[in-house]
Amino acid sequence: MATDLTNGAVRSLVQSEGTSANPGFPSSVVQILRVIKVSGNNNQGQDRYRAILSDGQNFVQGMLATQLNHLVTSGQIVDNALVRVNDYMNNLVQNKNVIILLAVEVVNSQY
């Protein structure tokens, strides 16, 4: 069964501050074009993962919250995987939107 990307999902993510600011936000399916492990100076010593999110028309930089690390290390979130965004925050970093994924459901790891 094929799952379609949600048309306009990236624009919706970028134009909102997050699900807490937009409680009517419908969960959207986006493609993670690339997942990149980044090293940082966080105090917890946990890995962080950057992701490029796409709805097939637009893309935006994102970060996975550390509570989602197990989805990367278990191979569920890989390059080109489809995920349903259930909770997120939109942060402005150096005048660029960065979408922080807080809760996702992996729809397809082998897209």
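Structure: see above.
This write-up is about the structure you can find in this document. (Residues numbered from 1 in each chain as written. Predicted model: local features only at pLDDT ≥ 70, side-chain atom pairs only at ≥ 80, totals over all residues. Heavy atoms only, no water.)

## Quick notes on the overall build of the chain
Next, step 1: Secondary structure assignment for the chain yields two helices and five strands.
Next, step 2: The linear arrangement of helices and strands in the chain, starting from the amino end, is α-β-β-β-α-β-β.
Next, step 3: Burial analysis of the chain (111 residues in total) assigns 36% to the buried set.
Next, step 4: A separation of at least 24 residues holds for 56% of the contacts in the chain among residues at least 6 apart in sequence.
Next, step 5: As presented, the chain carries roughly 6500 Å² of accessible surface, and 44% of it is formed by carbon and sulfur atoms. (Helix = DSSP H or I, 4+ residues; strand = E, 2+ residues; numbered from the N terminus. Buried < 20%, exposed > 50% of the residue type's maximum accessible area, 1.4 Å probe, protein only. Contact = heavy atoms within 4.5 Å. Areas by Shrake-Rupley, 256 points an atom, 1.4 Å probe, with all protein chains shown as cover.)

## Quick notes on the environment of Asp-87
Next, step 1: Its place among the elements puts Asp-87 in strand 4 (residues 81-93).
Next, step 2: When the C-alpha atoms of Asp-87 and Leu-102 are compared, they prove to be 5.2 Å apart, with 15 residues separating the residues in sequence.

## Topic: the side chain of Gln-31
Next, step 1: In this structure, Gln-31 sits in strand 1 (residues 28-38).
Next, step 2: Residue Gln-31 is classed as buried on the basis of its relative accessible area of 10%.

## Focus on the sheet that holds strand 3 (residues 59-64)
Next, step 1: The five strands are arranged 1-2-3-5-4 in a closed barrel whose pairing can be described as mixed. Sheet twist, expressed as the average angle between the axes of neighbouring strands with direction ignored, equals 45°.
Next, step 2: As judged from the seven bridges shared by strand 1 and strand 2 (residues 48-54), these two strands associate in the antiparallel manner. Bridging from a neighbouring strand, Ile-32 pairs with Leu-53 of strand 2. (Pairing = 2+ DSSP bridges. Axes fitted to C-alpha atoms, helices over the stretch in contact; angles between N-to-C directions.)

## Here we look at the pairing of strand 1
Next, step 1: Pairing geometry for strand 1 and strand 4, over five bridges, is antiparallel. Across the sheet, residue Ser-28 finds its bridge partner in strand 4, namely Val-85.

## Here we look at the environment of Arg-34
Next, step 1: Following the sequence through the fold, Arg-34 ends up in strand 1.
Next, step 2: Residues Arg-34 and Ile-77, spaced 43 residues apart in sequence, show a C-alpha to C-alpha distance of 9.5 Å.
Next, step 3: Those residues within four positions of Arg-34 in sequence are excluded, and the remaining contacts are Arg-50, Ala-51, Ile-52 and Asp-79.
Next, step 4: Only 3.1 Å separates the side chain of Arg-34 from the side chain of Asp-79, close enough to count as a polar contact. (Polar contact = N/O pair within 3.5 Å; in protein donor to acceptor, adjacent residues only side chain to side chain.)

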